[in-house]
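Single-letter residue listing:
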Amino acid sequence: MINEVILLVEDNPDDEALAIRALTKSNVTNRIVVARDGVEALSLLFGEGDHSPITPAVILMDLKLPKMSGIETLAHIRANERTRGLPVVMLTTSDEEIDMIRSYDAGVNSYVRKPIDFAEFTSVTAQLGVYWLLLNRRPQAMTPIGN
Amino acid sequence: MSAIIEYLFGAASFVPHGYCLLWRPDLVAIHAVSDFLIALSYFLIPFGIWYFARRRDDLVFKPVFFLFAAFILFCGITHLIALTTLWFPIYGAQGLVKAATAAISLASAYALWPTIPKALAIPGLSNLRKANEEMAEVVSEREALVAARTAELTAAYREMEAFAYSVAHDLRTPLRSINGFSDALAEEHGERLAAPGKQMVERIQQASLRMGKLIDDLLNMSRLTRTPIQVSEVNISELAETIIDDFRRDDPARTVKADIAPDIVVKCDPNLMRIALTHLLSNAWKFTAKRADAHIEFDCARSQGKNLFDIRDNGVGFDMAYASKLFVPFHRLHSETEFPGNGIGLAIAARIIHRHGGDISAEASLGKGTIVSFSL
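Residues numbered from 1 in each chain as written. Chains lettered and ligands numbered in written order. Predicted model: local features only at pLDDT ≥ 70, side-chain atom pairs only at ≥ 80, totals over all residues. Heavy atoms only, no water.

## Quick look at the overall build of chain A
The following threshold applies: In this description a helix means any DSSP run of H or I spanning at least four residues, a strand means any run of E spanning at least two, and both kinds are numbered starting from the N terminus. Note on exposure labels: buried denotes an accessible area under 20% of the residue type's maximum, exposed denotes more than 50%, and partly exposed covers the range between, all computed with a 1.4 Å probe on protein chains only. We call two residues contacting when some pair of their heavy atoms lies within 4.5 Å.
Broken down by element type, chain A carries five helices and five strands. Going residue by residue from the N terminus, the α and β elements of chain A occur as β-α-β-α-β-α-β-α-β-α. The proportion of buried residues among the 147 residues of chain A is 50%. Taking the intrachain contacts of chain A between residues at least 6 apart in sequence as the baseline, contacts between residues at least 24 apart amount to 67%.

What follows is the structure, encoded as structure tokens:
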């Protein structure tokens, strides 16, 4: 499981750096692949061009993304035979009711609000890491490949 | 008796009217037929008037109508008698009937004249039609105004939604950077910072958290206006008890006497009311913190179909000079170091009470306590 990648979909470079820092601080050693928007995330997941598709252990996705929003991206992930079972966690700023409803309607596995307090954020990412990388079980067919 | 009959119908001393016409058949005929037809018409007309006046409930001057009906009826009788006198000289009866007709005619004429100006003042059909048209115009103008206002409100509401959404997403993001990179700065480059420098970083972090809390409160406040009210029967007493119980659990060191009037049941939104009561009671709890004999009372009285509530405490109170600013969001009457909080509680409570169509006010005396009153 150490080899499994985490796909972080985040357009804000600050947030990206902070998320990576928080994950590292909470002893998550998995390789983190970053996509800057929904379209990039999908091309990584579906393996467009000469890239082979990646199968991350968990996708941490921001809600507000350029080009294609987090919820649209999620809908595409759920619509694809190979990726529909992948755990997707909305890791976002807002706790607006409408965002949560839309995310769950689109089939999100978890909705987590990023705290402003970095210490708190680190503890959140640590819990996410423990849960999705260690505790959570998935069938053999859906087990991610280390890539 | 016989003298009266003789006077009325006695024919002995008179000749029939026909004699005056020398019994010329054409003259007798024209008098007889005309009197008969006039009498017939004069009997039919009052019947019509009487029927009309009885059926029209909204008829004004009804007595005048009935008077006219009687007047025409009597005229009919005089013509009938005139017809009779062509052959039978009952001039006594004729005189009497004429006298009665004269009386009733006079009464009708007397009643008619003062009625005319009043009747003129009653709008006619064309006046009514014109008034109706004007009214319809006003109504359609008002409707257009209402539609325009509604559109304006809807647009403003949408704008507020978009604004709140943008605040929820975009205003917090830089705060995370400020807090996160301050943390990284202290941790990774802390050795290059002297103690005051480290303190400054600490302050930056605290400020970012405070602003985060402010944004959250602002959003919660706007959310109160954006979510629709769902009313059900709520036991306010039980609600207040559970809120106070929560305070006791969170703050076991304090001894606070709480008197809550039992079994107050009110129709309101349970979630919103919980928020409002929590803010109001938490103020009472907070501002009695410096007293050993802290006392909170919650009462309800009914007046003019409204429930009037009082939340009373014996805390620090406030200067009534600032009472008007009490319900303004983020406006505080105490310093942050004296009592914690950011001044949103009462504003939120007031907004919830207002959304229920109620009113809220506060009264206090410095050092003696506060009474917050609200109606539902």
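After that view of the structure, there is still more to cover.
## A few points about helix H2 (residues 38-46) of chain A
Each α-helix winds once per 3.6 residues, and so residues spaced three or four apart point in a common direction. All names here are of chain A. Let me state the cut-off plainly: By arc we mean the arc of the directions from the helix axis to the C-beta atoms, nothing more. We call two N or O atoms a polar contact when they sit within 3.5 Å, provided that within protein one can donate a hydrogen and the other can accept it, with sequence-adjacent residues counted only if both atoms are side-chain atoms.
All of the buried residues in H2 are Gly38, Ala41, Leu42 and Leu45. Buried residues along H2 cover an arc of 95° about the axis, so they all sit on one side. Between the side-chain oxygen at the start of H2 and the backbone nitrogen of Val39 there is a gap of 2.9 Å, and the oxygen is on Asp37. Positive phi shows up at Gly47, right after H2, with a value of about 65°.

## Thoughts on the nonpolar core
Heads up, the condition is: Among buried residues, the Ala, Val, Leu, Ile, Met, Phe, Trp, Tyr and Cys ones that are joined through side-chain atoms within 4.5 Å form a nonpolar core.
Core analysis: the biggest nonpolar cluster contains 45 residues, and Ile236, Met273, Leu277, Phe298 and Phe374 of chain B have the highest contact counts within it. Examining the composition of this core, we find that eight residues originate from one element, helix H9 (residues 270-287) of chain B, more than from any other. Non-local contacts of Met273 of chain B, meaning those with residues more than four positions away in its chain, are made with Ile236, Leu239, Cys268, Ile352, Ile353, His356 and Leu376 of chain B. Leu7, Leu45, Leu86 and Val108 of chain A belong to the second largest nonpolar core, which has 23 residues in total.

## Some remarks on the pairing of strand E5 (residues 306-313) of chain B
All names here are of chain B. Selection criterion: In this analysis, strands are considered paired if DSSP registers two or more bridges between them.
Only one face of E5 is buried: it carries Asn307, Phe309, Ile311 and Asp313, and the other face, with Lys306, Leu308, Asp310 and Arg312, is open. Relative to E5, strand E4 (residues 294-303) runs antiparallel, the two being bridged by eight bridges. Counterpart to Glu297 in the pairing with E5 is Arg312. If you look at the hairpin formed by E4 and E5, you'll find two residues sitting between the two strands, and Gln304 has a positive phi there, around 50°.

## Remarks on the pattern of salt bridges
Applied cut-off: A pair is scored as a salt bridge if a Lys or Arg side-chain nitrogen falls within 4 Å of a carboxyl oxygen belonging to Asp or Glu.
Scanning the model with the defined rule gives 24 salt bridges over all chains in all. Asp216 of chain B is the salt-bridge partner of Arg172 of chain B, the closest N and O atoms lying 3.2 Å from each other. Of this pair, Arg172 of chain B sits in helix H6 (residues 125-189) while Asp216 of chain B sits in helix H7 (residues 195-226), placing them 44 residues apart in sequence. Asp216 of chain B matches Arg172 of chain B in its accessibility class, with the two residues each being buried. Where Asp246 of chain B meets Arg249 of chain B, a salt bridge forms, and the shortest distance between an N and an O atom there is 3.2 Å. In this pair, Asp246 of chain B and Arg249 of chain B are both assigned in helix H8 (residues 236-250), three residues apart and thus about one turn of the helix distant. If you follow the salt bridges from partner to partner, you end up with Asp95, Glu96 and Arg113 of chain A together with Arg172, Asp216 and Arg223 of chain B in one network.

## Here's the deal with the interface of chain B and chain A
Just so we agree on the cut-off: As a working definition, buried area equals the accessible area (1.4 Å probe) given up by two parts on being put together, with both sides summed.
In this assembly, 23 residues from chain B lie in contact with 22 residues from chain A. For the pair chain B and chain A, the summed buried area comes to about 2,100 Å², and 50% of that belongs to carbon and sulfur atoms. Among the residues chain B hides against chain A, the three largest losses belong to Tyr165, His169 and Arg176 of chain B. Together they make up 32% of the total. Connecting chain B to chain A are nine salt bridges. Asp216 of chain B is the salt-bridge partner of Arg113 of chain A, the closest N and O atoms lying 2.7 Å from each other. The tally of links from chain B across to chain A stands at 15 residue pairs in polar contact (both at pLDDT 80 or more). Of all elements in the fold, only H6 and H7 of chain B reach the threshold of two or more residues within the side of chain B that touches chain A. The greatest single-element share of the side of chain B that touches chain A, amounting to 16 residues, is contributed by H6 of chain B.

## A look at a nonpolar patch on the surface
All names here are of chain B. As a reminder, the rule being used: Excluding any residue in a salt bridge, patches collect residues exceeding 30% relative accessible area, merging like charges within 9 Å and nonpolar Val, Leu, Ile, Met, Phe, Trp and Tyr side chains within 5 Å. Each accessible area is a Shrake-Rupley result for a 1.4 Å probe, and residues are judged covered by the shown protein chains and nothing else.
Residues Val15, Tyr19, Trp23, Trp87 and Phe88 make up a contiguous nonpolar surface patch of roughly 540 Å² in combined accessible area. Topologically, Val15 is positioned in the loop between helix H1 (2-9) and helix H2 (17-20). The exposure class of Val15 is partly exposed, given its relative accessible area of 46%.

## A look at the sheet that holds strand E2 (residues 32-35) of chain A
Residues and elements named next belong to chain A. Convention followed: Angles here are taken between N-to-C directions and fall from 0 to 180 degrees, while the axes themselves are lines fitted to C-alpha atoms, restricted in helices to the stretch in contact.
What the five strands build is an open sheet, ordered E2-E1-E3-E4-E5; its pairing is parallel. On the outer flanks of this sheet lie E2 and strand E5 (110-113), each paired with one strand and no other. Shown here is a sheet whose adjacent strand axes are inclined to one another by a mean of 20°, direction ignored. Where strand E1 (residues 6-9) lies against E2, four bridges are found, and the strand directions are parallel. Directly across from Leu8, in E2, lies its bridge partner Val34. Sheet contacts for helix H5 (residues 118-135): E1, strand E3 (58-61), strand E4 (88-92) and E5; angle to E4, the most-contacted strand, approximately 175°.

## Quick notes on the layout of surface pockets
Regions of empty space are outlined by a rolling probe, equal in size to a water molecule, passed over the atoms. Definition in use: Note on definitions: the grid is 1 Å and covers protein atoms alone; a cavity is a set of points where a 1.4 Å probe fits but cannot get out; a pocket is an open set with protein on both sides within 12 Å along at least five of seven lines; lining residues have an atom within 4 Å of a point. Grid points are joined across faces, edges and corners, and a volume is the space filled by probe spheres set on the points. Charged residues are taken to be Asp, Glu, Lys and Arg, nonpolar residues to be Ala, Val, Leu, Ile, Met, Phe, Trp, Tyr, Cys and Pro, and polar residues to be all remaining types, Gly included. Residue ranges labeled as domains rest on an automatic or database domain assignment.
Taken as a whole, the largest pocket holds about 670 Å³ of empty space. For the largest pocket, the lining is made up of 22 residues, of which Glu97 of chain A together with Arg223, Leu224, Arg226 and Thr227 of chain B are closest to its centre. Put simply, the parts of the chain that give the lining of the largest pocket at least two residues each are helix H4 (97-105) of chain A together with H6, H7 and H9 of chain B. Tallied by class, the residues present in the lining of the largest pocket amount to nine nonpolar, five polar and eight charged. Residue assignment places the lining of the largest pocket across two domains, with domain 2 (133-211) and domain 3 (227-374) of chain B each supplying three or more.

The values are spatial; any link to function lies outside them.
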